[in-house]
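What follows is each chain in one-letter form.
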Amino acid sequence: MEQTISIEVEVDSLEFNQNIIGNISFVVDYHRYFPDEGWSDFVVIIFSWWIKSFKGLLVSSIGRTFKFDFMDGTPVILGKKVCPSQSRIELSFEFDKGKRVLEFTAICKLEELGNSLLTASKKVLRVVERNKWSSEEIAELKDLTLSLERYFQST
């Protein structure tokens, strides 16, 4: 059974102090937050990593795994394609403290994950523009977000 997936970022939580920190999480079926509702992390760096992982999933073969890491490496989401049409992915939500502890898995649409990642990244970049924040990490996220946006416009 397919589940809904989204990535949520609380734009009101964003703060800039060398890096942009804010609340970010994956949400499955509108109510199951991972790692937790209100999880605070380095949003710009993480979104850059996640876009790279998502782009890897787009072009990968079935079964190849990509990581959606958080900054401290403790929670991790592993994603892989699971069906021949390549439109479905399996996400494994894990806590990694020496040995992996699987919390749960979800089967969802690759496109839904990508659209949510694009939407959340653009929200962060709007706050960045409004506040005139800048850094190398922000520039990288802008480039990656633009490339992801162009991919969705071409499909």
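The structure this text deals with has already been given above.
Below, the structure is looked at part by part.

Attention shifts here to the nonpolar core. Ranked by internal contacts, the top residues of the largest apolar core, which has 43 residues, are I7, F26, F47, W50 and F93. Those elements that place two or more of their residues in this core are β1 (5–17), β2 (19–28), α1 (43–59), β5 (65–69), β7 (88–97), β8 (99–109), α2 (110–131) and α3 (136–154). Counting residues per element, this core draws most heavily on α2, which supplies nine residues. Excluding anything up to four places from it in sequence, W50 contacts I7, I24, F26, F68, D69, F70 and L117.

Here we take up α1. With 17 residues, α1 extends 25 Å from end C-alpha to end C-alpha; this agrees with the ideal 24 Å at 1.5 Å per step. For α1, the tally of buried residues reaches 12 of 17 residues, placing the bulk of the element in the interior.

So, on to a negative patch on the surface. Negative charge collects at one region of the surface, where E8, E10, D12, D36 and E37 lie side by side. On the secondary structure map, D36 appears in the loop between β3 (32–34) and β4 (40–42). The partly exposed category is assigned to D36, whose relative accessible area is 46%.

Moving on, we come to the packing of α2 against α3. Packing of α2 against α3 leaves a shortest axis separation of 10 Å and a crossing angle of 140 degrees. Between α2 and α3, the interaxial angle falls into the category oblique. The crossing of α2 and α3 is left-handed. Across the interface between the two elements, E111, G114, N115, L117, L118, S121, K122, L125, V128 and E129 of α2 pack against I138, L141, K142, T145, L148, E149 and F152 of α3. A breakdown of the residues in the contact of α2 with α3 according to their chemical character gives eight nonpolar, four polar and five charged.

Moving on, we come to the pairing of β1. Where β1 meets β2, nine bridges bridge the pair, whose relative direction is antiparallel. The residue bridging E10 from the neighbouring strand is N23, located in β2. Connecting β1 to the antiparallel partner β2 that follows it, the hairpin turn spans one residue, and Q18 within it adopts a positive phi of roughly 70 degrees.

Turning to unusual backbone geometry, a few remarks are in order. Backbone torsion omega between F34 and P35 reads 0 degrees, so that peptide bond is classified as cis. Here P35 lies in the loop between β3 and β4. Phi at Q18 is positive, roughly 70 degrees, even though this residue is not glycine. Looking at the element boundaries, Q18 is found in the loop between β1 and β2. For Q18, a relative accessible area of 67% puts it in the exposed group. A positive phi is found at K132, a non-glycine position, where the angle reads about 55 degrees. Position of K132 among the secondary structure elements: in the loop between α2 and α3. Residue classification places K132 among the exposed residues on the basis of a relative accessible area of 73%.

Attention now goes to the side chain of Q3. Inspection of the secondary structure assignment puts Q3 in the segment before β1. When residues no more than four places from it in sequence are discounted, the contact partners of Q3 are V28, D29, T105, A106, I107, C108 and E112.

Right, let's talk about the pairing of strand β6 (residues 75–81) for a bit. Among the seven residues that make up β6, six are buried, leaving the element largely enclosed by the rest of the structure. Where β5 meets β6, five bridges bridge the pair, whose relative direction is antiparallel. Among the inter-strand pairings, F66 is bridged to a residue of β6, identified as G79.

What counts, and at which threshold
Residues numbered from 1 in each chain as written. Predicted model: local features only at pLDDT ≥ 70, side-chain atom pairs only at ≥ 80, totals over all residues. Heavy atoms only, no water. Core = buried A, V, L, I, M, F, W, Y, C linked by side-chain atoms within 4.5 Å. Buried < 20%, exposed > 50% of the residue type's maximum accessible area, 1.4 Å probe, protein only. Helix = DSSP H or I, 4+ residues; strand = E, 2+ residues; numbered from the N terminus. Contact = heavy atoms within 4.5 Å. Expected span 1.5 Å × (residues − 1). Patch = residues over 30% accessible without salt bridge, like charges linked within 9 Å, V, L, I, M, F, W, Y side chains within 5 Å. Areas by Shrake-Rupley, 256 points an atom, 1.4 Å probe, with all protein chains shown as cover. Salt bridge = Lys/Arg side-chain N within 4 Å of Asp/Glu carboxyl O. Lys, Arg positive; Asp, Glu negative; His and termini not counted. Charge placed at Lys NZ, Arg CZ, Asp CG, Glu CD. Axes fitted to C-alpha atoms, helices over the stretch in contact; angles between N-to-C directions. Parallel < 35°, antiparallel > 145°, perpendicular 65-115°, else oblique. Left-handed = near helix turned anticlockwise from the far one by under 90°. Nonpolar A, V, L, I, M, F, W, Y, C, P; charged D, E, K, R; others polar. Pairing = 2+ DSSP bridges.

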